[in-house]
Amino acid sequence: MSLVRVHNFSISLDGFGTGEGQQLDAPFGHAGSRLVDWAVGTRTFRDMGIPGETEASFGVDDAFASRTGPGIGAEIMGRNKFGPQRGPWEDEEWKGWWGDNPVFHTPVVVLTHHPRPVLEMEGGTTFHFVDADPVAALNQARALAGNLDIRIGGGASTVRQFLAADLIDHMHIVLVPIVLGRGERLWDGLEGLEQRFDIETTPSPSGVLHLVFTRRRTR
C-alpha cells in the first residue's frame, strides 16, 4: 500500500507549526517567514518558483527539501493552509496562496467543514474540498493518487490529527531555533509518539535540526 508522508514541516523550539494571527499578508501569522527561511533558500524551493535574494543552496537543507515531491500522487491539507478565510465561504474567488499554477501538480484534498466545487488549476493541481475525518480523507486521496504516496501538507492541526489516528508512515520535521510562544502547536495530545517511530536527527549549518520519523514495523 502507498505510504503517508510528511515533508519539510517546520516547528519552533516550543512546538508551534505556525504563529498566531494568520491573515492574507501573513500566512504564518506573527511567525512571519522565520519558520521557512531555511527552505526558501534551497535549490528545490527556488525551482518551485519561490523567490529569494541569495544564491540557491545545495547542501543539507536542500537534500531534505528535495525529497518532498518524488513518489507523491496527492496531498491532504487543512483549510488553514489553503487560505486565511474561516467559516462559510464568502465567495469562491480565493484559489490559494500559490497563483494560477500551484506548486503541487497533483490532486489536493482540502479538509473543510464547508465544501465547495472542485477547483482545477494549471499544471495538474486540482483542489477537492471535503468534510471528512482522517481515514475518509486518506481513502479519497489514495483513490486520486493511484499507486503513489500521499503527502500530509499541514497545517499543524492536520498533521496532529493524522498522527493521532496513527496514519503516518514517514515524517520529516524541521526544528527551527526560534521561540514563538503562541500559535498552533504540533505535539499536543501525542504523548509517547516516539514509541511508534525510529527517529534520526541531522543538524544543518543553517541552524535548523532535521528530524526523520520512520514508522516501526511490527513482526
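Given the structure is predicted, the values throughout are model-derived calculations rather than measurements. (Residues numbered from 1 in each chain as written. Predicted model: local features only at pLDDT ≥ 70, side-chain atom pairs only at ≥ 80, totals over all residues. Heavy atoms only, no water.)

(A) Structural context of the overall build of the protein chain. Along its length, the protein chain carries 6 helices and 11 strands. What you see for the protein chain is a C-alpha radius of gyration of 17 Å, in line with the 17 Å of a compact globule of 219 residues. For the protein chain, the spread of C-alpha atoms along the three principal axes comes to 50 × 45 × 30 Å. Counting over 219 residues, the protein chain shows a buried share of 47%. Excluding contacts between residues fewer than 6 apart, the proportion of contacts in the protein chain whose partners are at least 24 apart in sequence is 63%. Roughly 11,000 Å² of accessible area belongs to the protein chain as shown, and the carbon and sulfur atoms make up 51% of that amount. Across the protein chain, the centroid of the 20 positively charged side chains sits 5 Å from that of the 28 negatively charged ones. (Helix = DSSP H or I, 4+ residues; strand = E, 2+ residues; numbered from the N terminus. Rg over C-alpha atoms; globule rule 2.2 N^0.38 Å. Buried < 20%, exposed > 50% of the residue type's maximum accessible area, 1.4 Å probe, protein only. Contact = heavy atoms within 4.5 Å. Areas by Shrake-Rupley, 256 points an atom, 1.4 Å probe, with all protein chains shown as cover. Lys, Arg positive; Asp, Glu negative; His and termini not counted. Charge placed at Lys NZ, Arg CZ, Asp CG, Glu CD.)

(B) Summary view of the pattern of salt bridges. Tallied over the full model, the rule gives 12 salt bridges. Residue Glu 75 pairs with Lys 81 through a salt bridge whose shortest N-O separation is 2.8 Å. Overall, the relative accessible area of 24% leaves Lys 81 in the partly exposed class. A salt bridge links Arg 151 to Glu 75, with the nearest nitrogen and oxygen atoms 2.7 Å apart. Remark: Glu 75 occurs in strand E3 (residues 72-78) and Arg 151 occurs in strand E7 (residues 149-154); sequence separation between them is 76 residues. This pair shows no difference in class: Arg 151 is buried, exactly as Glu 75 is. One connected set of salt bridges, linked through shared partners, spans Asp 166, Asp 169, Arg 196, Arg 215 and Arg 217. (Salt bridge = Lys/Arg side-chain N within 4 Å of Asp/Glu carboxyl O.)

(C) View of the pairing of E7. Counting buried positions along E7 gives 6 out of 6 residues, so the element sits mostly inside the fold. Where strand E1 (residues 4-12) meets E7, 2 bridges bridge the pair, whose relative direction is parallel. Paired with Val 4 across the strands is Ile 150, a residue of E7. Bridge analysis of E3 against E7 gives 5 bridges, and the strand direction is parallel. In the sheet register, Ala 74 faces E7, and the bridge partner there is Ile 150. (Pairing = 2+ DSSP bridges.)

(D) View of the nonpolar core. With 29 residues, the main nonpolar core has Ile 76, Val 159, Phe 162 and Met 171 as its most contacted residues. Elements supplying a minimum of two residues to this core: E1, E3, strand E4 (107-111), helix H5 (134-145), E7, helix H6 (156-164), strand E8 (170-176) and strand E11 (209-215). Formed by 12 residues, the second largest nonpolar core is a distinct cluster that contains Phe 45, Val 174, Val 176 and Leu 180. (Core = buried A, V, L, I, M, F, W, Y, C linked by side-chain atoms within 4.5 Å.)

(E) A look at a negative patch on the surface. The grouping of Glu 90, Asp 91, Glu 92 and Glu 93 at the surface amounts to a negative patch. Here Glu 93 is to be found in the loop between helix H4 (79-82) and E4. Residue Glu 93 is classed as exposed on the basis of its relative accessible area, which comes to 64%. (Patch = residues over 30% accessible without salt bridge, like charges linked within 9 Å, V, L, I, M, F, W, Y side chains within 5 Å.)

(F) Examining H6 more closely. Burial in H6 covers these residues: Ala 156, Thr 158, Val 159, Arg 160, Phe 162 and Leu 163. Two residues or fewer past H6, Asp 166 is found with a positive phi of approximately 60°.

(G) Fine view of the sheet that holds E8. If you walk across this open sheet you meet the 9 strands as E5-E6-E4-E3-E7-E1-E8-E11-E10, and the pairing is mixed. The sheet is open, and its two edges are formed by strand E5 (119-120) and strand E10 (197-203), each paired on a single side. Here E8 pairs with E11 via 6 bridges, running antiparallel. Looking at E11, one finds that His 172 is bridged to Val 212. In the packing of H6 onto the sheet, contacts are made with E1, E3, E4, E7, E8 and E10, and the angle to E7 comes to roughly 135°. (Axes fitted to C-alpha atoms, helices over the stretch in contact; angles between N-to-C directions.)

(H) Here's a closer look at the packing of aromatic side chains. In total, this model carries 12 aromatic pairs according to the counting rule given. Cluster of aromatic residues (ring-pair linked, three or more members): Phe 82, Trp 89, Trp 98, Phe 104, Phe 127 and Phe 129. The ring of Phe 64 carries the charged tip of Arg 67 above its face, separated from the ring centre by 4.8 Å. (Phe/Tyr/Trp six-rings, centres within 6.5 Å; stacked < 30°, edge-to-face > 60°. Lys NZ or Arg CZ within 6 Å of the ring centre and 35° of its normal.)

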